[in-house]
Amino acid sequence: MPGAPRVDTLLHNGTVVLRDSASRQDVAIRDGTIVAIGAADVMPDAERRIDLDGKIVLPGMIDAHSHFTLDDWTQGPVLSAHGGITTTIPFLVGTGSISDIVRQGLDDAGRNSVIDFAFHVIIWPDPDADYRPLLAGIADGVALGCRSYKIFMGYRRAGRNLVTDDFLYSAMKEMRARGALPMVHAENADLIFALERDLIDQGKVTPEHYPASRPPIAETEAISRATDIARLAGSPLYVVHLTTPQGLEIIKAAASRGQSVYTETCPQYLLLTEAEMSRIGPLAKIGPPMRTPAELEGMWQGIRQGWIPIVASDHSPHPRELKEPGWTNIFYNDAGQPIPFGAPSAETIVPLMYSEGVVKRGLPVWWMARVLAENPARVFGLYPRKGVIAPGADADFTIIDPAGSTEFRATNMHSRTGYTPYEGWTLSGAIAMTMIRGQIVLQDGELKQNGGHGRYIAAGPTMAPIYGAVTPPLESEP
């Protein structure tokens, strides 16, 4: 366009995905920020023009739930980047105060991350100590830009439930006062302990018995209790890794009462079932467990109806050698230590949701922009800088080649675990390129940036996610 200000980069001729539409447009970038979107003939001149004919240009994908443990800050962002993620929000855990934990995260991620990042913090109460000093540290965490804190309802230690209702209520009340968002892993720890003990007493300890130790009722009871306590505390609530349509009904009922209760699910609860326990045994041990085919379909119904606003990976890697003893006893190894929960998943989430959600199930491609970009950005305080293709936003993009294909083989992937639950899957579509703040990070499978390229995005207040049906209901649905 003659006379228009020159820009750094022009993304030309791609299918640009916005909140509820996708059409062929150009995107202009200057100094790492989107400055214009529109037809090619109204775009300014650019120093660099990238032709994306035939490609899908999504806002940079955000993984709202991952754990960088075995795959630490040197490896977790790398494998996430290879999977098309441009911003990650992993959970920090450590000793010392919340501010100590966040500052250590800032140092580790700032030196090593190839993609942009924000933080959640896990808070573990000490059952032998006064928990009020721990909760007082939330104010310091918020001041450092961390506004989301995870509480595990589903675990005991030394015969005691780590998270009592009084702690849950007090934590929610403190977070409400500080403008923070409580996140709960919603399972009933005491019920799980009793069910697990019964199975062990009966000698039912091989992998196929694991799902019975954490049945749907353990999740639904905890979701119901957490939403009730949040209502009493006047707090919002975020339920992580939802696995059951029954749990979703509880969340919908809370929303109908005017509560701000949000949730996410993960690809493993949309694509894998409890049958994986027989196929790959302890490698499939995650918490909560994979469910039945009927529950899996119920989760897809919640997706189509728009009630599940976020899809996240729950990347939680552990060494294979710690998992393998679970073939003999899925609960504990010979030393009495629990067989660890979790599986690698950050590298697979974007290709899976495109191939299985958009291509196979016919969801509109803008659904991915909603559940893997805008809604995570809104709920976790990164919007409007992240999560959308709009003037003023960071120039973050995940670009998919729909004519390509992706095959998952652990030997070609980047987790230190050396396995994937999706071994041998061949998917429609491939990650062609990602950009973060206008710079190419991944192109045709090759990383173009080094560790330290990523920047910390301090979180602002939570905003409600975008809801609404994403496809017409099936004849069998209301």
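Structure: above.
Presented here is a report on the structure given in the accompanying data block. What you are looking at is a predicted structure, and each value in this text was computed from that prediction instead of being measured.

1. What about the pairing of strand β15 (residues 261–265)?
Along a regular strand, successive side chains alternate from one face of the sheet to the other.
Phase 1 of the analysis: Where burial is concerned, most of β15 is hidden: five out of the five residues are buried.
Phase 2 of the analysis: Here β15 shows no split at all, with Val261, Thr263 and Thr265 on one side and Tyr262 and Glu264 on the other all buried.
Phase 3 of the analysis: Sheet topology places strand β14 (residues 237–239) next to β15; three bridges connect them, and they run parallel. Its bridge partner lying in β15, tyrosine 238 is registered against tyrosine 262.
Phase 4 of the analysis: Each parallel crossover has a hand, and for β14 linked through helix α9 (residues 245–256) to β15 it is right-handed.
Phase 5 of the analysis: As paired elements, β15 and strand β16 (residues 310–311) share two bridges and run parallel to each other. Bridge assignment links glutamate 264 to a residue of β16, and that residue is isoleucine 310.

2. A look at the packing of helix α14 (residues 349–360) against helix α15 (residues 365–379)
Phase 1 of the analysis: Where α14 meets α15, the closest approach of the two axes is 10 Å, and the angle between their N-to-C directions is 140°. Between α14 and α15, the angle falls in the class oblique. Between α14 and α15 lies a crossing whose hand is right-handed. On the side of α14, the interface is formed by Ile349, Val350, Met353, Tyr354, Gly357 and Val358, while α15 contributes Val365, Trp367, Met368 and Leu372.
Phase 2 of the analysis: When grouped by side-chain class, the residues that make up the contact of α14 with α15 number nine nonpolar, one polar and no charged.

3. Focus on the packing of α9 against helix α12 (residues 293–304)
Phase 1 of the analysis: Two elements in contact, α9 and α12, have axes whose closest approach is 8 Å; the angle formed by their N-to-C orientations is 35°. For the pair formed by α9 and α12, the contact residues are Pro245, Gln246 and Leu248 on the first element and Glu295, Gly298, Met299 and Gly302 on the second.
Phase 2 of the analysis: For the contact of α9 with α12, a count of residues per class yields three nonpolar, three polar and one charged.

The rules we used
- Residues numbered from 1 in each chain as written.
- Predicted model: local features only at pLDDT ≥ 70, side-chain atom pairs only at ≥ 80, totals over all residues.
- Heavy atoms only, no water.
- Buried < 20%, exposed > 50% of the residue type's maximum accessible area, 1.4 Å probe, protein only.
- Helix = DSSP H or I, 4+ residues; strand = E, 2+ residues; numbered from the N terminus.
- Pairing = 2+ DSSP bridges.
- Right-handed = clockwise from strand over helix to strand, strands pointing away.
- Axes fitted to C-alpha atoms, helices over the stretch in contact; angles between N-to-C directions.
- Parallel < 35°, antiparallel > 145°, perpendicular 65-115°, else oblique.
- Left-handed = near helix turned anticlockwise from the far one by under 90°.
- Contact = heavy atoms within 4.5 Å.
- Nonpolar A, V, L, I, M, F, W, Y, C, P; charged D, E, K, R; others polar.

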